[in-house]
Amino acid sequence: MFKDVTFGQYYPADSIVHKLDARVKLLLTLLYVVGIFFVKSYFGFMLTAVLLVAIVLVAKLPMASVLKSVRGILLLVLITALINLFMIKDGEVLVQWKIFVITKTGVHTTIKMVLRLVLLISGASLLALTTTPVELADGLESLMSPLALVKIPVRDIAMIMSIALRFIPTLFEETNKIVAAQKARGASFDSGSIFARVKALIPVLIPLFVNSFRRADELAFAMDARCYNATDKRTKMKKATFKFSDFVACLTVLSFFTLILLERYYFPKIGINIDYMIFGGLL
Amino acid sequence: MPFIQLKNVNYVYPVREGASLKAIKNLSLSIEAGEYVALTGMNGSGKSTLAKLLNGLFKPTSGEILMDGVSTADEDKVFDIRRRVGMVFQNPDNQTVATIIEDDVAFGPENIGLPRDEIISRVDEALAAVGMSEYRKRQASALSGGQKQRVAIAGVLAMRPDVLILDEATAMLDPEGRDEVLSVVKRQNQNGVTVINITHSMQEAAMADRIIVLRKGRLAIDGAPAQVFSSGALRSCGLTLPPAAQLAAELKAEGFDLGAVTDEASLVEGLCKLFK
């Protein structure tokens, strides 16, 4: 049942976003995340949302897959929102009941905070949704390669990451086998208290660990036999190339970032307030 | 000069402080380039240790192994020897390094730092040689056992080896997978690659030009399959004859001499001759 399991959130689809260079996607996601923290106005949030929806559409992802990642932080968002709503005491008071005070500034801050978190998480999830773990590991290796100059074994770290990813389906399969074998001997995994259930996992984990060490030993021999570490100048078959679509992606996110900065720092100087132009007296 | 030459090779495993295990004892033999050798013996007879000695994963405790004139103990040449002596292991899952098949085949050539174009052409060639070209972009975990072992062979072939060692590479496969792997190996041997197949199956051993049997780390029997099967020496090494040879041996005891029988084909031939 785990034979074809793809680890993580990866959503396979044939789109330009999926085919982008993983390094470009990593850096652009970083830029997007930084960009969101500069957003202060409703216009900025709208702009971010438009960018996000556009990427989702181009990537041929279902909206639900993006929202699913938000579900994970829903509780966090809710708690932070409540704290913000009741703790901010400055500004015009809207509602007051005993010690609970809701102010206009509080409402605005809360709405913006929720928007920021939701857009942040869904934006970051786009990376995991459109990039396979292997591509991510390769991309990270490539981005970290300058660290090799300060004697950090980037190549070995990348090899460890990719082998770990490679063995996930194998270990899943093995776990299933061990669980079946222990069940056949009368072990029960789904009854009793939580403590009893956790304890029931020990006879699964021990053989799993022992077998993993045996596998690691055999794998080490196999890698040695195939000349691992033969030369410092290890080459790579796959070479990521900077395509036209990568250029377009960079341009898009960079212009988004620039617009965010302009709207926050330059527009107020020349007396433009887009939020006021849209919402007028509502604010 | 023979391609592979073992001179009085001993190998001792250190088990723990003060204790050790002699796995290979005073072994001398030679294998010519292009031979198809089956290496067999009971569990613990030293087969796998010998395999690991042949490509420099282990160094002889004493004695010497020469691979095309180069000692496997030569630190400067060890990677060259590993490239020339490829090895396929028993468990396909424990020798696949990459998730995607073509990446796994490219692992060896990448390790020895070949230029990118060269790697791509070698991966193409190796996958075609084992009949797995159409699977190149697939995930290795989704393949059958026989397919996984063919990919492992492709990974070795991409290094353009002189010798291919199969360390019980068919032991975990179903009969279909085993036939797939053995036919790939046979073809490579016909192209001039020296093959050393380590196996428990006498039927598989019968396919070789030569059978070498180890017993407790020593050379017990060395000869052509027909010769080895008719000598009656296998039993003393804890091995049994393949079914066809067993039948021929029993018929011979009853007075029907079928000549040299190693497999079904030679059994049929012997029977036909007898009834003429």
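Residues numbered from 1 in each chain as written. Chains lettered and ligands numbered in written order. Predicted model: local features only at pLDDT ≥ 70, side-chain atom pairs only at ≥ 80, totals over all residues. Heavy atoms only, no water.

Residues and elements named next belong to chain A. Relative orientation of the contacting elements helix α2 (residues 22–38) and helix α11 (residues 244–266) amounts to 10°, with a least axis distance of 10 Å. With respect to α11, the element α2 is oriented roughly parallel. For the element pair α2 and α11, the recorded crossing hand is left-handed. Along its contact with α2, which presents V24, L28, L31, Y32, V34, G35, F37 and F38, the element α11 presents D246, A249, C250, V253, L254, F256, F257, I260, L261, R264 and Y265. Across the contact of α2 with α11, the residue classes tally to 16 nonpolar, 1 polar and 2 charged. (Axes fitted to C-alpha atoms, helices over the stretch in contact; angles between N-to-C directions. Helix = DSSP H or I, 4+ residues; strand = E, 2+ residues; numbered from the N terminus. Parallel < 35°, antiparallel > 145°, perpendicular 65-115°, else oblique. Left-handed = near helix turned anticlockwise from the far one by under 90°. Contact = heavy atoms within 4.5 Å. Nonpolar A, V, L, I, M, F, W, Y, C, P; charged D, E, K, R; others polar.)

To continue, consider the pattern of salt bridges. Residue and element names in this part refer to chain B. For the structure on display, the rule yields 25 salt bridges over all chains. Ionic pairing is found between R210 and E35, a salt bridge with its closest N-O pair at 3.2 Å. Taken together, the residues R210 in strand β9 (residues 210–215) and E35 in the loop between β2 (19–31) and β3 (36–40) connect sequence positions 175 residues apart. There is no split in this pair, since R210 and E35 are both buried. A salt bridge links R160 to E125, with the nearest nitrogen and oxygen atoms 2.9 Å apart. Of the two residues, R160 is situated in the loop between α5 (145–157) and β7 (163–167) and E125 in helix α4 (residues 116–129); the sequence distance between them amounts to 35 residues. (Salt bridge = Lys/Arg side-chain N within 4 Å of Asp/Glu carboxyl O. Buried < 20%, exposed > 50% of the residue type's maximum accessible area, 1.4 Å probe, protein only.)

Geometry of an aromatic ring pair is reported as the spacing of the ring centres plus the angle between the planes. If you walk through the whole model with that rule in mind, you get 11 aromatic pairs over all chains. Between A:F86 and A:F100, the aromatic rings sit 5.5 Å apart at their centres with planes inclined by 65°, giving edge-to-face as the arrangement. Placement of A:F86 in helix α5 (residues 74–87) and of A:F100 in strand β2 (residues 100–103) is noted, with a sequence separation of 14 residues between them. Arranged with centres 5.7 Å apart and planes meeting at 85°, the rings of B:Y13 and B:F58 form a pair that is edge-to-face. Here B:Y13 is found in strand β1 (residues 4–16), whereas its partner B:F58 is found in the loop between α1 (47–54) and β4 (62–67), with 45 residues between them in sequence. A residue is classified by how much of its surface remains accessible, and B:Y13, at 27% relative accessible area, is partly exposed. Cluster of aromatic residues (ring-pair linked, three or more members): A:F221, B:Y11, B:Y13 and B:F58. When the ring centre of A:Y42 is taken as reference, the NZ or CZ atom of A:K112 above it lies at 4.8 Å. (Phe/Tyr/Trp six-rings, centres within 6.5 Å; stacked < 30°, edge-to-face > 60°. Lys NZ or Arg CZ within 6 Å of the ring centre and 35° of its normal.)

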